[in-house]
Amino acid sequence: MSKFEELCKAYATSRQAYRESCQACLDFSEIFLNQMSDYLECAIEKQNQKFDEDGVLHFDGAIDVCENPENPEKGDRETVTIYLSVNKVIDNFIVNVYPWGRDFKILIDEPRHFEEAFEYIFDTLQSAYTGASQLPSEPDPVPF
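Residues numbered from 1 in each chain as written. Predicted model: local features only at pLDDT ≥ 70, side-chain atom pairs only at ≥ 80, totals over all residues. Heavy atoms only, no water.

J.: Would you mind going over the overall build of the protein with me for this structure?
T.: In terms of regular secondary structure, the protein is built from two helices and five strands. Secondary structure elements in the protein, listed N-terminal to C-terminal, are α-β-β-β-β-β-α. What you see for the protein is a C-alpha radius of gyration of 19 Å, clearly larger than the 15 Å of a compact globule of 144 residues, by over 25%. Each principal axis of the C-alpha distribution contributes one length, and for the protein these read about 70 × 35 × 30 Å. Here the protein holds 144 residues, and 28% of them are scored as buried. For the protein, long-range pairs separated by at least 24 residues make up 36% of all intrachain contacts whose partners lie at least 6 apart in sequence. Total accessible area computed for the protein in this model is approximately 9,600 Å², and 52% of it derives from carbon and sulfur atoms. (Helix = DSSP H or I, 4+ residues; strand = E, 2+ residues; numbered from the N terminus. Rg over C-alpha atoms; globule rule 2.2 N^0.38 Å. Buried < 20%, exposed > 50% of the residue type's maximum accessible area, 1.4 Å probe, protein only. Contact = heavy atoms within 4.5 Å. Areas by Shrake-Rupley, 256 points an atom, 1.4 Å probe, with all protein chains shown as cover.)

J.: Got a minute to help me understand the sheet that holds strand E1 (residues 45-51) in this structure?
T.: What holds strands together in a sheet is hydrogen bonding between their backbones, with the strands either parallel or antiparallel. What the five strands build is an open sheet, ordered E1-E2-E3-E4-E5; its pairing is antiparallel. Strands at the two margins of the open sheet, each flanked by one partner only, are E1 and strand E5 (102-106). Sheet twist, expressed as the average angle between the axes of neighbouring strands with direction ignored, equals 25°. In this sheet, strand E4 (residues 92-98) lies alongside strand E3 (residues 77-89) in antiparallel orientation, the contact comprising seven bridges. Within E4, the position partnered with Ser85 by the bridge is Asn96. Across the face of the sheet, helix H2 (residues 111-130) comes into contact with strand E2 (57-66), E3, E4 and E5 while running at roughly 155° to E5. (Pairing = 2+ DSSP bridges. Axes fitted to C-alpha atoms, helices over the stretch in contact; angles between N-to-C directions.)

J.: Whenever I open this one, unusual backbone geometry confuses me. Can you help?
T.: Excluding glycine, residues mostly carry a negative phi; peptide bonds, for their part, are mostly trans. Of note, the bond from Tyr98 into Pro99 is cis; its omega dihedral lies within 30 degrees of zero at 0°. Take Pro99: it is sitting in the loop between E4 and E5. A positive phi angle, near 50°, is found at Asn48, a position not held by glycine. Its location among the elements puts Asn48 in strand E1. The exposure class assigned to Asn48 is exposed, which follows from its relative accessible area of 53%. With phi around 55°, Ile90 is a residue other than glycine that occupies positive phi space. Structurally, the position occupied by Ile90 is in the loop between E3 and E4. With a relative accessible area of 69%, Ile90 lands in the exposed category.

Structure representation (structure tokens):
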């Protein structure tokens, strides 16, 4: 095998690993949003997914909130967008919640890791409306 063929083989192996990592991130993002939907007991729509040059998947989760969940057509409503990224590192996934920059290391078969991320997202969204964090380690948001 020539040096060029060796180089091409290394490149092909690298590209295959990249594609597999990207697919794992896509699959994980679906699992993450489905489980977050179950946790929050509402529909979450996946939007704007794209990979950056490092193979990190960026995507949004959109939740429609309303004044009356039993009759969402009555009263005011708005769409809340949660900006997320997922990166595969060995057998873990690192989920980053933007713009707060909070990272969560999640093992796919460890429900507690998912719940920590979901609790943080829920509390952050709720505190945006109430002005008070329910998480003991999080400071209350500064009023505008």
